[in-house]
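# Descriptive analysis of the structure
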There are 2 protein chains.
Amino acid sequence: MIDLIEMGKKAQSASFDLGQLGTNEKNNALLKMADSLIANTKNIIIENKKDIENAKNNGIAKAMIDRLMLDEDRILGMAEGLRQVVALPDPIGRIDRGWTTTAGLDIVQERVPLGVIGMIYEARPNVTVDAAGLCFKAGNAVILRGGKEAINSNIVLADTLRNALKEIGITENAVQLVSDTSHEIANEMMQLTDYIDVLIPRGSGKFIKMVVNKAKVPIIETGAGNCHIYVDKDADLDKALPIIINAKVQRPSVCNAAEKVVLHKDIAEKFLPKLYQALKDNNVQVRGDERAVKIVSDIIPATEDDWYTEYNDYIIAVKVVDNLDEAIKHINKYNTKHSESIITENYAASRQFMKQIDAAVVYANASTRFTDGNEFGFGAEIGISTQKLHARGPMGANELTTTKYLVQGDGQIRE
Amino acid sequence: MIDLIEMGKKAQSASFDLGQLGTNEKNNALLKMADSLIANTKNIIIENKKDIENAKNNGIAKAMIDRLMLDEDRILGMAEGLRQVVALPDPIGRIDRGWTTTAGLDIVQERVPLGVIGMIYEARPNVTVDAAGLCFKAGNAVILRGGKEAINSNIVLADTLRNALKEIGITENAVQLVSDTSHEIANEMMQLTDYIDVLIPRGSGKFIKMVVNKAKVPIIETGAGNCHIYVDKDADLDKALPIIINAKVQRPSVCNAAEKVVLHKDIAEKFLPKLYQALKDNNVQVRGDERAVKIVSDIIPATEDDWYTEYNDYIIAVKVVDNLDEAIKHINKYNTKHSESIITENYAASRQFMKQIDAAVVYANASTRFTDGNEFGFGAEIGISTQKLHARGPMGANELTTTKYLVQGDGQIRE
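Here we summarise the structure given alongside this text. (Residues numbered from 1 in each chain as written. Chains lettered and ligands numbered in written order. Predicted model: local features only at pLDDT ≥ 70, side-chain atom pairs only at ≥ 80, totals over all residues. Heavy atoms only, no water.)

This part covers the sheet that holds strand β3 (residues 116–121) of chain B. Residues and elements named next belong to chain B. Spatially, β5-β4-β3-β6 is the arrangement adopted by the 4 strands of the open sheet, whose pairing is parallel. The open sheet has two edge strands, β5 (175–177) and β6 (198–202), and neither has a second partner. Each strand axis lies, on average, 20 degrees off the axis of its neighbour in the sheet, ignoring direction. In this sheet, β5 lies alongside strand β4 (residues 141–145) in parallel orientation, the contact comprising 3 bridges. Paired with Leu144 across the two strands is Leu177, which belongs to β5. Strands β3, β4 and β6 of the sheet are contacted by helix α8 (residues 183–190), whose axis makes an angle of about 145 degrees with β3. Helix α9 (residues 205–214) contacts β3 and β6 of the sheet and is inclined by roughly 155 degrees relative to β6. (Pairing = 2+ DSSP bridges. Helix = DSSP H or I, 4+ residues; strand = E, 2+ residues; numbered from the N terminus. Axes fitted to C-alpha atoms, helices over the stretch in contact; angles between N-to-C directions. Contact = heavy atoms within 4.5 Å.)

Residue and element names in this part refer to chain A. Strand order in the open sheet formed by 4 strands is β5-β4-β3-β6, with parallel pairing between adjacent strands. The strands lining the two open edges of the sheet, one partner per strand, are β5 (175–177) and β6 (198–202). The average angle at which neighbouring strand axes cross in this sheet is 20 degrees, direction not considered.

Our next topic: the packing of aromatic side chains. Counted under the stated rule, the structure contains 14 aromatic pairs over all chains. Here A:Trp99 and B:Phe378 contribute two aromatic rings whose centre-to-centre distance is 5.9 Å and whose plane-to-plane angle is 45 degrees, an arrangement assigned as tilted. One end of the pair, A:Trp99, is in strand β1 (residues 95–100); the other, B:Phe378, is in the loop between α16 (373–376) and β14 (383–385), on a second chain. You can call A:Trp99 partly exposed: its relative accessible area is 22%. Taken together, a centroid distance of 5.8 Å and an interplanar angle of 70 degrees make the contact between A:Phe376 and A:Phe378 edge-to-face. Taking the relative accessible area as the measure of exposure, A:Phe378 reaches 8% and is therefore buried. (Phe/Tyr/Trp six-rings, centres within 6.5 Å; stacked < 30°, edge-to-face > 60°. Buried < 20%, exposed > 50% of the residue type's maximum accessible area, 1.4 Å probe, protein only.)

For the rest of this paragraph, the subject is helix α15 (residues 347–356) of chain A. For α15(A), the complete set of buried residues consists of A:Ala349, A:Ser350, A:Phe353, A:Met354 and A:Gln356. Buried positions along α15(A) lie against β7 (227–231), α14 (324–334), β12 (339–343) and β13 (361–366) of chain A together with α1 (4–19) and β16 (401–412) of chain B.

Next up on the list: the relation of the copies chain B and chain A. Rotating chain B by 180 degrees and translating it 0.0 Å along the rotation axis places it on chain A, where the RMSD comes to 0.0 Å. This pairing of chains is accounted for by a two-fold axis. Using C-alpha coordinates, one finds that chain B approaches the rotation axis most closely at B:His390, a distance of 1.8 Å. Taken as a fraction of all interface residues of chain B, those also at the interface in chain A reach 100%, which identifies the copy contact as same-surface. (Least-squares fit on C-alpha atoms with pLDDT ≥ 70 in both.)

Structural data, given as structure tokens:
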């Protein structure tokens, strides 16, 4: 039996200790964790093979099994991720602002760790290492609860990291894994408000929605991406085509893949047939509004539902608009506030789009696929926040902090 | 019948318009709102009298009625609050950071409004004006839902602000009041995730807990304050005494009032009798642990429950500790992470206390009563956050913002 409250107490105690560590101590520990992963490669692969065997026996899809699989390269990759986190600036101790009040109090607002972070996630075992590394860099203790498909891998990875910490004289309770993968334990974890400061769910949209609905612990919502690419009348169409293809097909299952194309009417007739062909060549099914179907009759008529849907698949829907204002209105209505891109060479159009689109990341002339902690330069990423509270967009170590006001006086009382 | 969804749509549309306003346009509108309040003084007092009458008929306590009451001075005060908000820097459009990625993308992280803010609050009608002013300054539309005790006052105040906006040519839907004070409407508002970005409850601890439990809209929790003052062995006792008295009795019902005193054993015997007498002179009931009772036998023995309790009353509990470490451990165990203060002339002790105490605001040699938006210099305040996500401590206009990443490229696709 897992005692989550006991784990919560250990995490709180560890979080106090982590809050006292200097940057070098934390970085040395992260390097030690990276070395330990590599040194433990053989063992990790043995444990991972058990998960792969179970997955095969349970008839899990090949693509899923590939995501589960750890080999020497992938373990090196995880270690490299930890080393990148070392190279990032330490957010802790940074002073955001400081001033003196009318009463003569000196106030500084300092970045401090959040405390204890809970991660509930599905499938890929690398999340175990990425999350542990980023949480540790920001001085947080983490309680990890991965899915049952990766349980053997997660246990050996967490043990490896914990042993590395122990060897270097830092409390191993900075990283704890919940080895029980039952729903009951997950539910209990979502209610652990006395011990977990923030809960971050990672996985499918359905999974995240379930956690958001059940949890009492404050949540950072990640995930859903109904991303648009708008091709303006002044677009360089030689840029537009590869950007749309990249955003759609490079990895269609992820949240920053493009799901919709919005075309200005002035370029639609010239551009859409080429775009349709290129998408077809990449096995993408194209749906569209009436005007799109009028231009390319093979396009499947889209329903109102299509505009809301995140396909996560080789499907895209095309909408033709009269002007930029209509494009912005359409995108702001149907998007999930994740990532949107305008393709244009027009200064005023790019400025208006970036100002008026409501999303975590707004692009001019680039693929939406760049919304990613690594691409942003955050080392690993803990997830991509699609909410407006606390953090928005890719979250790195910086987003795993809060602030504390330190106020110095010399006897002030309030009038 | 109130149509909350219709109000939500109007708020969203207004929030888009507010996002396009410049600082001067917003400041002029705030000044206009301030002038309109003063110009409408007579009318506001007439409507407020209805609330006062109702309160008297319903046998509501005198202290509550006083908080409800609006006179010329208080209306001037609300207008003055709006003018202070004008004088604050505009958080919108500020660039938090910017860099160029490996792929050659230029990223800036810009401060933008949260969007639509919901406020659910009890009693005092000035919250209507304070919240509207701060939300507006940060470019947010606000939906206000005050308590039934102040409904006539809230309606006339919201109408005054809306008319001021209309006169100056800004959408009056920037400020909307839910004139139905039923629980059903409040519940519906808490589930309005499609239209409200953030919900901020203000009121009693019980009220806030209820909202936190029921709401599906992301919440910023405000309120609970079990604040401690630790008197170190190296304290200047001439500072300690007035600070404790101020923090306890200046306004015992508020969240930043002191509820506990922690005394270093070396000064306890000398200091506690004086402190006890001063508290008694101020009609404060003193409870304490065994060691405190041993020093002053009139002190009432405290139970375990006492250490957790926010009295909001003329009661305080005293704990005697062996050293600073024990004091910190005690405070971190029982506090609500609101405001804590150390009284000491010792450099190392103040440094350790400020570093190791987990709270929104940590003081050296000052009263906890300064944890307040006005005292911090934020003009009005929207509440004091006691959570770690998004905002911590007093919240002004700055805390009513989020960020958006703006990414400029020239055709980048992801490898």
